[in-house]
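Architecture at a glance
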Amino acid sequence: MLTPTQQRVWDDLLDPGGSRPSVDPGLAGRLRQALETETSDSLERVHAPGTTGGPSWIPGRDPAVVLVSKHLLGQVHQCERQMLASERVGFEWTATIVQGMLAHKAIELKCGSMSSGRAPFAPGQLVQLAGQRLIDDEHGPAAWLRSASAGELAEAYAAAADAVTKFEDSFPPIDARWRPRVESRLKVHLAGGRVELSGKVDLALGQASGHEARTLIIDLKTGRPALGHPADLRWYALLETLRVGVPPYRLASFYLDSGEWRHEDVDENLLWSTIRRVTDGIARLLELRVAHRSPTESPGPACRWCIDRPLCPSASTDLSSPAASEQ
Ligand code: SF4
């Protein structure tokens, strides 16, 4: 028997009996062409004679490839100066980030065990398994997990188990026939591989059938709704459309703490507006990185947590609005 929230998710979000749109078979090709053209134009502009060209901002990666992620795109649109300041400081694992990774990994293992038909693990067991997987993977927070104090670990594991429990009593049991994909990587290569777009979808259910859109993409959130969440999902929608040739039919941010979600259905307008945001972001990233243009400053809610705030002449002084706490 389903909980009332599971039933709402089933009826209103998954909506198994709802109609699914058929899409124009040429749409994905036109979207890709627009991306290719705009990206090549941007590369040509920044590689004009006199520029050095081509530095990557991900240490250890091929410096000839420009990497674009959801996070980077969000940052460059939010405030260019803040983006560069954050990168100067570099990335550091924190308890909050590791808690999120543990929770996502545990939910991934849960979905895997559900769709394999094996006996279910308890949330605590899933989190322990997830922790072990992360410790074995040197690309993740293994070093943080190995050096954390007993208290830090207990807190991180408890928070992750809380998120898994909330996922369990919010979502109906995941059926293997829904083709669940968890932590699913998406990549698109542009300009002969000189620009790489990448993303990782928390949860995708369903699969396109011919030209019929049948995939639902869900971002699982442990915090509150934020202004950037819809744009993050549209990024995934674009990558999925270019990968499959058919878009997802629906995108949803699901907030585990409240059992609520916000969703929007995907149509051509949404995808074309995403193309404009992405091509504008790529152009700005290339100008900053390759042509070394000075960054613009965009005061707003992000000034509240900006590390460059003490030095920035444009820093917002109005940090009192509720929106200022949204990240
Ligand atoms: S203080 Fe505000 S305007 Fe200045 S760099 Fe930071 S986010 Fe941008």
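Below, the structure is looked at part by part. Everything quoted here is computed from the prediction, not taken from an experiment. (Residues numbered from 1 in each chain as written. Predicted model: local features only at pLDDT ≥ 70, side-chain atom pairs only at ≥ 80, totals over all residues. Heavy atoms only, no water.)

What about the overall build of the protein chain?
- Scanning the protein chain from N- to C-terminus turns up 10 helices and six strands.
- For 327 residues, the compact-globule estimate of 2.2 N^0.38 gives 20 Å, and the protein chain sits close to it at 21 Å.
- For the protein chain, the spread of C-alpha atoms along the three principal axes comes to 65 × 55 × 40 Å.
- Looking at the protein chain as a whole, 43% of its 327 residues are labelled buried.
- Contacts spanning at least 24 positions in sequence make up 68% of the contacts within the protein chain whose residues lie at least 6 apart.
- For the protein chain, the exposed surface amounts to about 16200 Å²; the carbon and sulfur share of it is 52%.
- If you average the places of the 36 positive and of the 41 negative side-chain charges in the protein chain, the two averages end up 2 Å apart. (Helix = DSSP H or I, 4+ residues; strand = E, 2+ residues; numbered from the N terminus. Rg over C-alpha atoms; globule rule 2.2 N^0.38 Å. Buried < 20%, exposed > 50% of the residue type's maximum accessible area, 1.4 Å probe, protein only. Contact = heavy atoms within 4.5 Å. Areas by Shrake-Rupley, 256 points an atom, 1.4 Å probe, with all protein chains shown as cover. Lys, Arg positive; Asp, Glu negative; His and termini not counted. Charge placed at Lys NZ, Arg CZ, Asp CG, Glu CD.)

Looking at the packing of helix H3 (residues 70–78) against helix H10 (residues 268–289)
- Where H3 contacts H10, the axes come no closer than 9 Å and their chain directions differ by 80°. The orientation of H3 with respect to H10, classified from their angle, is roughly perpendicular. Contacts from Leu72, Leu73, Gly74, Val76 and His77 of H3 reach H10 at Arg277, Val278, Asp280, Gly281, Ile282, Arg284, Leu285 and Leu288.
- Residues of the contact of H3 with H10, tallied by class, amount to seven nonpolar, three polar and three charged. (Axes fitted to C-alpha atoms, helices over the stretch in contact; angles between N-to-C directions. Parallel < 35°, antiparallel > 145°, perpendicular 65-115°, else oblique. Nonpolar A, V, L, I, M, F, W, Y, C, P; charged D, E, K, R; others polar.)

Details of the site of the ligand
- All residues adjacent to the ligand are Cys79, Arg81, Gln82, Ser298, Pro299, Cys303, Cys306, Arg309, Cys312 and Ala315.
- Per-class residue counts for the shell around the ligand are six nonpolar, two polar and two charged. (Near = heavy atom within 4 Å.)

Looking at the environment of Pro230
- With respect to the helices, strands and loops of the structure, Pro230 is situated in helix H9 (residues 229–244).
- Take Pro230: its relative accessible area is 36%, and that puts it in the partly exposed class.
- Sequence spacing of Pro230 and Pro299 is 69 residues, and the spatial spacing of their C-alpha atoms is 21 Å.

Let's talk about the packing of aromatic side chains
- Summed over the entire model, instances satisfying the criterion amount to five aromatic pairs.
- A centroid spacing of 5.7 Å and a plane angle of 35° characterise the contact between Trp10 and Trp178, whose relative ring orientation is tilted. On the criterion of sequence distance, the pair formed by Trp10 in helix H1 (residues 4–14) and Trp178 in the loop between helix H8 (150–170) and strand E2 (181–190) is long-range, its members being 168 residues apart.
- Ring pairs connect the aromatic residues Phe167, Phe171, Phe254 and Trp261, which therefore count as one cluster.
- If you follow Arg20 out to its NZ or CZ, it ends over the ring of Tyr249, 4.0 Å from the centre. (Phe/Tyr/Trp six-rings, centres within 6.5 Å; stacked < 30°, edge-to-face > 60°. Lys NZ or Arg CZ within 6 Å of the ring centre and 35° of its normal.)

A closer look at H9
- Spanning 16 residues, H9 covers 23 Å between terminal C-alpha atoms, matching the ideal 22 Å at 1.5 Å per step.
- Of all 16 residues in H9, 12 are buried, a share of seventy percent or more.
- Of the residues one or two after H9, Gly245 is the one with positive phi, at around 95°. (Expected span 1.5 Å × (residues − 1).)

With respect to the pairing of E2
- Note that E2 and strand E3 (residues 195–205) share nine bridges and pair antiparallel. Residue pairing for E3: Leu190 is matched across the bridge by Val195.
- If you look at the hairpin formed by E2 and E3, you'll find four residues sitting between the two strands, and Ala191 has a positive phi there, around 50°. (Pairing = 2+ DSSP bridges.)

Describing helix H4 (residues 80–89)
- Taken together, the buried positions of H4 are Glu80, Arg81, Gln82, Met83, Leu84 and Ala85.
- Positive backbone phi, at 90°, marks Gly90, one or two positions downstream of H4.

Thoughts on the pairing of E3
- Of all 11 residues in E3, nine are buried, a share of seventy percent or more.
- Alignment of strand E1 (residues 66–69) against E3, held across four bridges, turns out to be parallel. Across the sheet, Val68 pairs through a bridge with Leu197, a residue of E3.
- Strand direction decides the pairing type here: E3 and strand E4 (residues 216–221), joined by three bridges, are antiparallel. Residue pairing across strands places Ala204 opposite Ile217, the latter belonging to E4.

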